[in-house]
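Here are the chains, one letter per residue:
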Amino acid sequence: MRSVVVGGLLAASSALGVAGFPHAHTVGKADVYDYIVVGGGPSGIITAERLAEANKTVLLLERGRGPTVATGANDTLVWNKNLTPIDVPGLSADIGSLPEWEDYICTDTEGYAACVLGGGVTVNYMVFVHPPDHDFNDKWPKGWKWDDVKPAADRLYERNPGSILPSADGKRYDQGLYTVLSNFFSNLGWKAVDMISQPNEKHQVYSYPAWNIQDQKRAGPVRTYLPLAEKHKNFNLQLGSKVTRVLRSGSRITGVEVENTFGQRKNITLATNGKVVLSAGALSTPRILFNSGIGPKTQIETAQKSGVAVLPRNEWINLPVGIGLKDHPIFSIIVKSNGTYGPLDWTGIYNGTDTADINLYAQGNGVLTQGKHRLTWFSSNVVDGRTRYYQGSCAPTGENEFTITTYMTHGLTSSGVLGLDADGKTVYEKTPWMNTAGDRAAAKLFIQGLVDDLTHPSTGFQLETYTNVSSILGSLTTGMHYTTTAKMGTDDGRYGNGTSVVDTNTKVYGTDNLYIVDGSIHPDLPTGNIQAAIMVVAEAAVAKILAHDH
């Protein structure tokens with residue numbers, strides 16, 4: 001078996017019997033696979049690479065296309081034909097305005113998810129928060145406490161550590177906002193930390209931002225794991241391949257049904273003792289489960305109405321899929337100060353006219369090696385006996401204007417429900433934000449304190465757009481950090497008041513060989529942006545799967 005990347009704008013694998021695609025390669029395809037990994041986001045790539053490294057025959061299926069030249073993309077920059085706009089850290093600041101954003105965002109999920117190789121890590125702001133110990137020690141089951149997952153974190157950081165100083169010359173650029181805000185927080189008595197080397201410092205601290213950047217380019221598993229996977233002859237990648245459901249006979253999974261970009265469907269078969277790993281993300285893995293007759297009865301019935309070939313009712317597995325959806329709510333605080341800073345010239349970077357910054361970047365230096373934010377802070381408060389954590393990602397958004405994207409993170413008690421509609425799209429049946437009195441009280445208390453500090457006459461700051469606490473609380477938007485739609489736990493969700501969909505080896509209850517490795521299994525939200533935590537969990541999960549492979 002040899003590795004293959006099937007690239008191009010409308011890429012689909014010739015293994016699906018579809019020829020004539022740009023950049024498509026013919027591949028010597030195995031008849032069966034030891035592992036089929038569904039979803040080429042960070043969890044899927046890490047899982048597939050580690051399985052291939054263990055000499056398993058692996059097929060990784062991704063519904064989208066590749067975002068880099070190495071993975072078949074041809075949407076290169078006018079000033080560098082080896083880079084796409086996704087690659088350049090400085091362009092991430094305006095990523096929602098890039099044409100790639102529309103191409104890569106899924107159209108069949110309620111919230112934002114990325115249908116592209118690399119998943120959300122391909123289109124995010126690259127904020128890389130090494131999770132603190134308490135993220136795992138609080139709600140994760142036995143076997144998943146920090147001491148248990150630390151070796152997995154070490155494996156991840158060895159390959160993909162993140163950086164707070166990405167410029168090759170060891171200098172930081174565009175530090176006007178950092179100067180303003182570090183003075184502000186220092187005067188409040190907050191402490192300067194290094195958020196990578198001091199991950200447990202999460203109360204009244206600030207840091208230079210940690211970004212998922214390596215060698216002055218956007219990092220993540222597309223760069224740090226996939227090239228390693230491709231060296232294995234037993235690894236195969238198919239792009240343009242959307243899995244609609246797993247093929248199941250009772251408790252045993254026999255393969256997957258795949259739809260290519262033309263809507264043609266084909267079944268792919270597992271080896272006799274093979275396994276399927278779902279890594280489609282917290283918003284799409286539930287759909288695959290519903291379509292496969294796994295989940296609440298009402299959702300499976302809806303899947304049936306959407307035209308999916310659902311198993312007979314006596315083979316349905318009743319599990320609480322979609323129940324417990326979590327996300328970080330965001331509150332926006334926009335501030336005018338008397339500092340000297342502003343946003344980059346994104347248009348000039350994109351079209352090549354910002355030659356000074358582009359020439360610096362060509363040497364591996366300068367502001368384009370950095371992400372959007374200039375300072376990150378963390379804090380917490382205690383309401384109703386529970387500690388809730390907060391993160392602030394601070395970036396210039398106008399001349400002498402900055403926005404504090406304020407996340408409410410670990411310790412939240414709110415959750416929602418993800419369901420399915422008749423078109424097969426995932427939808428919120430209950431939204432996951434601020435639906436407990438404790439969360440609302442804690443957020444109001446925290447924002448009030450921050451506003452009082454920001455508007456103290458000594459600061460010279462002035463609130464813009466959202467000029468009081470109630471309007472800031474009313475600015476609530478999604479953090480796009482979805483978890484907990486197929487929760488891991490020891491209380492089997494098929495029985496009584498069980499809340500869990502997968503066991504502590506990430507195997508779906510009621511199945512012999514179906515596993516989930518992505519944000520959907522996390523029983524709780526981490527303290528900050530979730531990409532690093534997602535990857536740590538993937539490393540830990542695939543090790544457990546391999547340990548029980550017999």
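Residues numbered from 1 in each chain as written. Predicted model: local features only at pLDDT ≥ 70, side-chain atom pairs only at ≥ 80, totals over all residues. Heavy atoms only, no water.

### Details of the state of the cysteines
Next, step 1: Tallying each qualifying case throughout the model produces one disulfide.
Next, step 2: Paired through a disulfide, cysteine 106 and cysteine 115 show a sulfur-sulfur distance of 2.0 Å. Taking the sign of the S-S torsion, 105° for the link of cysteine 106 and cysteine 115, the bridge is right-handed. By the burial criterion, cysteine 106 is buried, and cysteine 115 matches it. (Disulfide = S-S within 2.5 Å. Buried < 20%, exposed > 50% of the residue type's maximum accessible area, 1.4 Å probe, protein only.)

### Some points on the packing of aromatic side chains
Next, step 1: In this structure the tally under the stated criterion is 17 aromatic pairs.
Next, step 2: Ring centres of phenylalanine 185 and tyrosine 206 lie 6.1 Å apart, and the angle between their planes is 25°; on these two criteria the pair is classed as stacked. Remark: tyrosine 206 occurs in strand β4 (residues 205–207) and phenylalanine 185 occurs in helix α6 (residues 176–187); sequence separation between them is 21 residues.
Next, step 3: Classification of phenylalanine 185 as buried rests on a relative accessible area of 0%.
Next, step 4: Their ring planes at 75° and their centres at 5.6 Å tell us that phenylalanine 402 and phenylalanine 461 sit as a pair that is edge-to-face. (Phe/Tyr/Trp six-rings, centres within 6.5 Å; stacked < 30°, edge-to-face > 60°. Helix = DSSP H or I, 4+ residues; strand = E, 2+ residues; numbered from the N terminus.)

### Details of the packing of helix α1 (residues 42–53) against helix α15 (residues 531–547)
Next, step 1: Between α1 and α15, the shortest axis-to-axis distance is 9 Å and the interhelical angle comes to 35°. Relative to α15, α1 is oriented so that their crossing is right-handed. Together, Pro42, Ser43, Ile46, Thr47, Arg50 and Leu51 of α1 and Ile534, Met535, Ala538, Glu539, Val542 and Leu546 of α15 make up the contact between the two elements.
Next, step 2: Residues that form the contact of α1 with α15 fall into these classes: eight nonpolar, two polar and two charged. (Axes fitted to C-alpha atoms, helices over the stretch in contact; angles between N-to-C directions. Left-handed = near helix turned anticlockwise from the far one by under 90°. Contact = heavy atoms within 4.5 Å. Nonpolar A, V, L, I, M, F, W, Y, C, P; charged D, E, K, R; others polar.)

### What to know about the sheet that holds strand β16 (residues 416–420)
As a general point, the strands of a sheet are linked pairwise by backbone hydrogen bonds and lie either parallel or antiparallel.
Next, step 1: Reading across from one edge, β11-β16-β17 is the order of the three strands in this open sheet, with antiparallel pairing throughout. The sheet is open, and its two borders are formed by β11 (323–325) and β17 (426–430), each paired with just one other strand. Strand-to-strand twist in this sheet, taken as the mean axis angle between neighbours without regard to direction, amounts to 55°.
Next, step 2: Two elements, β11 and β16, share two bridges in a ladder whose sense is antiparallel. The residue bridging leucine 325 from the neighbouring strand is glycine 416, located in β16.
Next, step 3: Contacting β16 and β17, helix α10 (residues 297–305) crosses the sheet at an angle of about 30° to β16. (Pairing = 2+ DSSP bridges.)

### Some points on the pattern of salt bridges
Next, step 1: Summed over the entire model, instances satisfying the criterion amount to 24 salt bridges.
Next, step 2: Between arginine 65 and aspartate 103 there is a salt bridge, with its nearest N and O atoms 3.3 Å apart. Highlighted residues: arginine 65 in the loop between β2 (58–61) and α2 (99–104) and aspartate 103 in helix α2, separated in sequence by 38 residues.
Next, step 3: Note that aspartate 154 is salt-bridged to lysine 150, the shortest N-O span being 3.1 Å. With a gap of four residues between them, aspartate 154 and lysine 150 both fall in helix α5 (residues 146–159), about one helical turn apart.
Next, step 4: Here the salt bridges do not stand alone but share partners, grouping Glu49, Arg50, Glu53, Arg155, Arg159 and Glu539 into one network. (Salt bridge = Lys/Arg side-chain N within 4 Å of Asp/Glu carboxyl O.)

### Describing the environment of threonine 504
Next, step 1: With respect to the helices and strands, threonine 504 occurs in the loop between β19 (477–478) and β20 (514–516).
Next, step 2: Among the residues examined, threonine 504 registers a relative accessible area of 21% and is labelled partly exposed.
Next, step 3: Spatially, the C-alpha atoms of threonine 504 and lysine 544 are 8.5 Å apart, while their sequence positions differ by 40 residues.
Next, step 4: Leave out the neighbours within four places in its chain, and threonine 504 touches Pro141, Lys142, Trp144, Met488, Thr490 and Lys544.

### Considering unusual backbone geometry
Next, step 1: In this structure, asparagine 400 is a non-glycine residue whose phi angle is positive, near 60°.
Next, step 2: Summarising the element assignment, asparagine 400 is placed in the loop between β14 (386–398) and β15 (401–408).
Next, step 3: The phi torsion at threonine 506 lies on the positive side, around 70°, for a residue other than glycine.
Next, step 4: Tracing the backbone shows threonine 506 in the loop between β19 and β20.

### A closer look at the nonpolar core
Next, step 1: Formed by 76 residues in total, the largest nonpolar core has its most connected members in Ile36, Phe235, Val256, Val276, Leu278, Leu514 and Ile516.
Next, step 2: With nine residues, the single largest contributor to this core is α15.
Next, step 3: Valine 256 has contacts with Ile36, Val38, Leu61, Val243, Arg245, Val246, Leu247, Lys266, Asn267, Ile268 and Val276, leaving out every residue within four places of it along the chain. (Core = buried A, V, L, I, M, F, W, Y, C linked by side-chain atoms within 4.5 Å.)

### Focus on the UniProt feature "domain: Glucose-methanol-choline oxidoreductase N-terminal" (unreviewed entry) in the chain
Next, step 1: Within this numbering scheme, the UniProt entry marks residues 281–295 as carrying the feature "domain: Glucose-methanol-choline oxidoreductase N-terminal" (unreviewed entry).
Next, step 2: Segment residues 281–295 splits into 47% helix and 0% strand. End C-alpha atoms: 16 Å apart. (UniProt positions renumbered as here; feature names shortened; annotations may be inferred.)

### A short note on the side chain of glutamine 370
Next, step 1: Mapping glutamine 370 onto the fold places it in the loop between α12 (355–362) and β13 (375–383).
Next, step 2: Residues in contact with glutamine 370, not counting those within four places in the same chain, are Pro89, Gly90, Pro166, Lys171, Arg172, Tyr173, Trp211 and Ile213.

### Some points on α10
Next, step 1: Gln299, Ile300, Thr302 and Ala303 are the residues of α10 that are buried. For α10, the angular spread of the buried residues around the axis is 155°, confining them to a single face.
Next, step 2: Looking at the packing, one finds that the buried side of α10 touches α9 (285–291), β16 and β17.
Next, step 3: Looking one or two residues past α10, glycine 307 carries a phi angle of roughly 100°, positive in sign. (Arc of directions from axis to C-beta.)

### Structural notes on the environment of isoleucine 300
Next, step 1: Structurally, isoleucine 300 is set in helix α10.
Next, step 2: Between the alpha carbons of isoleucine 300 and arginine 287 there is a distance of 9.3 Å; along the sequence they are 13 residues apart.
Next, step 3: Apart from the residues within four sequence positions on either side, isoleucine 300 is in contact with Phe290, Gly293, Ile294, Gly295, Val310, Trp316 and Ile317.

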